[in-house]
Amino acid sequence: MDYKKAGVDIEAGYKSVELMKKHVAATMRPEVLGGLGGFSGTFSLAKIKEMEDPVLLSGTDGCGTKVKLAVIMDRHDTIGIDAVAMCVNDIACAGGEPLFFLDYIACGKNVPEKIADIVRGVAQGCVQSEAALIGGETAEHPGLMPEEDYDLAGFAVGVCDRKDMITGETLKDGDVLIGMASSGVHSNGFSLVRKVFEKELTREGLETCYEELGGRTLGETLLAPTRIYVKALKSVKNGGVKVKACCHITGGGFYENVPRMLREGTRAVIKKDSYEVPAIFRLLAAKGDIAPEMMYNTFNMGIGMVLAVDPADGDKTMELIRASGETPYVIGSVEEGEKGVTLC
């Protein structure tokens, strides 16, 4: 008896590392010390000392049951972008710059090429957010997970000068709310998505094209990776605009996340007709007979990030976001009132 016969292939682990090295290399920053193979990732804090009052920010998350669709379709090259996005977007909406990221993959069986594909997506997410991928872990769990299954999670650390943190403390009546378009469902609400499309959750079903989705397949639409808004928010900051408050629309949709950006005594008023809701959400609502309130309480509905700025900075903020490659909409405003959100 040996470890391989027990279900853990150490040699496959070595091969996975070799296959992923080129992807990891693309994420390196000058602050990274050493490379893959050590017991910990190392990152120099020399530049942070240049800040007046540096604050570290961190985020950890996974991709939820979206991974199940990747498994069914046997397509694993974008799910890593989702894992990075869920962490770095949270850091960015607090005013932070993501510095580095670590991933954790738990799998039923280590198939090196599959693991390398997953990490390729993680690396792409890190490149998009300018964070270094400085370490990770691939854990083989025979007997705990079916061989074809895996789960993916990550952890990111960022930094911000305290004076540049986005806290919502200066919000006032009349401030403008700007939303940045999502790429679709992102990585939240997939338990409901899978329930609605229960009969379509086969490779053939997910590869079926839908006229309602502009001729795209259901799988392609649902697997579209989460948008990473780090560069857009950095562009706004570097453009001289003070972002007063910001929120990442994730699980809980508008009703749970928007109030998190507000100070007491302020209310967000968002106009649902201020942008076009993507077709996938209309299809979900119709096929699943989901009430509008539940849709906005579960999904991002086409807006992945919301920021509040002074009305005088509205046009400039829109221009800066467009220049970064994202699509912005003026979706509402801040009013005095009970803390919360009104969708109208």
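The preceding data block contains the structure.
The present account deals with the structure reproduced in this document. (Residues numbered from 1 in each chain as written. Predicted model: local features only at pLDDT ≥ 70, side-chain atom pairs only at ≥ 80, totals over all residues. Heavy atoms only, no water.)

Looking only at helices and strands, the chain features 12 helices and 12 strands. The globule rule puts the C-alpha radius of gyration for 344 residues at 20 Å, and the 21 Å found for the chain is close to it. The C-alpha extent of the chain, read off along each of the three principal axes, is 70 × 55 × 30 Å. Counting over 344 residues, the chain shows a buried share of 52%. Here the analysis covers contacts within the chain between residues at least 6 apart in sequence; of these, 85% occur between residues at least 24 apart. For the chain, the accessible area works out to roughly 15,800 Å², and carbon and sulfur atoms hold 51% of it. Separation of charge centres in the chain, based on 38 positive and 50 negative side chains, amounts to 2 Å. (Helix = DSSP H or I, 4+ residues; strand = E, 2+ residues; numbered from the N terminus. Rg over C-alpha atoms; globule rule 2.2 N^0.38 Å. Buried < 20%, exposed > 50% of the residue type's maximum accessible area, 1.4 Å probe, protein only. Contact = heavy atoms within 4.5 Å. Areas by Shrake-Rupley, 256 points an atom, 1.4 Å probe, with all protein chains shown as cover. Lys, Arg positive; Asp, Glu negative; His and termini not counted. Charge placed at Lys NZ, Arg CZ, Asp CG, Glu CD.)

In this section: unusual backbone geometry. Although it is not a glycine, aspartate 74 adopts a positive phi angle of roughly 55 degrees. Following the sequence through the fold, aspartate 74 ends up in the loop between helix 2 (66-73) and helix 3 (79-92). Note on aspartate 74: relative accessible area 48%, which makes it partly exposed. Phi is positive for aspartate 289, which is not a glycine, with a value near 50 degrees. For aspartate 289, the position within the fold is in the loop between helix 10 (279-288) and helix 11 (292-296). Taking relative accessible area as the criterion, aspartate 289 reaches 71% and is therefore assigned exposed.

This next bit is on the nonpolar core. Among the nonpolar cores identified, the biggest contains 93 residues, and Phe254 and Leu284 are the most heavily contacted of them. Sort the elements by how many residues they give to this core and helix 3 lands first, with nine residues. Contacts of phenylalanine 254, omitting those with residues within four sequence positions, involve Ile249, Pro259, Ile270, Tyr275, Tyr296, Phe299, Asn300, Met301, Ile303, Val341 and Leu343. If you look at the next biggest cluster of nonpolar residues, it comprises nine residues, including Phe43, Phe100, Ile134 and Val159. (Core = buried A, V, L, I, M, F, W, Y, C linked by side-chain atoms within 4.5 Å.)

All right, on to the sheet that holds strand 3 (residues 54-62) then. In space, the four strands of this open sheet follow the order 3-6-4-5, with mixed pairing throughout. For this open sheet the edge positions go to strand 3 and strand 5 (132-140), each flanked by a neighbour on one side alone. Across the sheet, the mean angle separating the axes of adjacent strands is 15 degrees when strand polarity is ignored. When strand 4 (residues 97-107) meets strand 5, the two strands line up parallel, connected through eight bridges. (Pairing = 2+ DSSP bridges. Axes fitted to C-alpha atoms, helices over the stretch in contact; angles between N-to-C directions.)

Note that aspartate 164 resides in the loop between strand 6 (150-161) and strand 7 (176-181). Setting aside residues up to four positions removed in sequence, aspartate 164 forms contacts with Gly95, Lys237 and Lys242.

For the rest of this paragraph, the subject is the packing of aromatic side chains. If you walk through the whole model with that rule in mind, you get four aromatic pairs. Centre to centre, the rings of tyrosine 275 and tyrosine 329 are 5.8 Å apart; their planes meet at 40 degrees, and the pair counts as tilted. Taken as a pair, tyrosine 275 in the loop between strand 9 (266-270) and helix 10 and tyrosine 329 in strand 11 (residues 328-336) lie far apart in primary sequence, 54 residues in all. Using a relative accessible area of 26% as the deciding quantity, one classes tyrosine 329 as partly exposed. With a centroid separation of 5.9 Å and 50 degrees between ring planes, the pair formed by phenylalanine 281 and phenylalanine 299 is classed as tilted. Here phenylalanine 281, found in helix 10, pairs with phenylalanine 299, found in the loop between helix 11 and strand 10 (303-309); they are 18 residues apart in sequence, far enough to count as distant. (Phe/Tyr/Trp six-rings, centres within 6.5 Å; stacked < 30°, edge-to-face > 60°.)

Now for the pattern of salt bridges. Taken as a whole and judged by the stated rule, the model has 22 salt bridges. Linking arginine 29 and glutamate 97 is a salt bridge whose minimum nitrogen-to-oxygen distance equals 3.2 Å. With arginine 29 in the loop between helix 1 (10-25) and strand 1 (32-33) and glutamate 97 in strand 4, this pair connects stretches of sequence that are 68 residues apart. Taking the shortest distance from any N to any O, the salt bridge between glutamate 207 and arginine 203 comes out at 3.2 Å. Taking relative accessible area as the criterion, glutamate 207 reaches 42% and is therefore assigned partly exposed. Overall, the relative accessible area of 41% leaves arginine 203 in the partly exposed class. One salt-bridge network, in which partners are shared between bridges, spans Lys172, Asp175, Lys244 and Asp310. (Salt bridge = Lys/Arg side-chain N within 4 Å of Asp/Glu carboxyl O.)

By themselves, these are just geometric observations and shouldn't be taken as functional.
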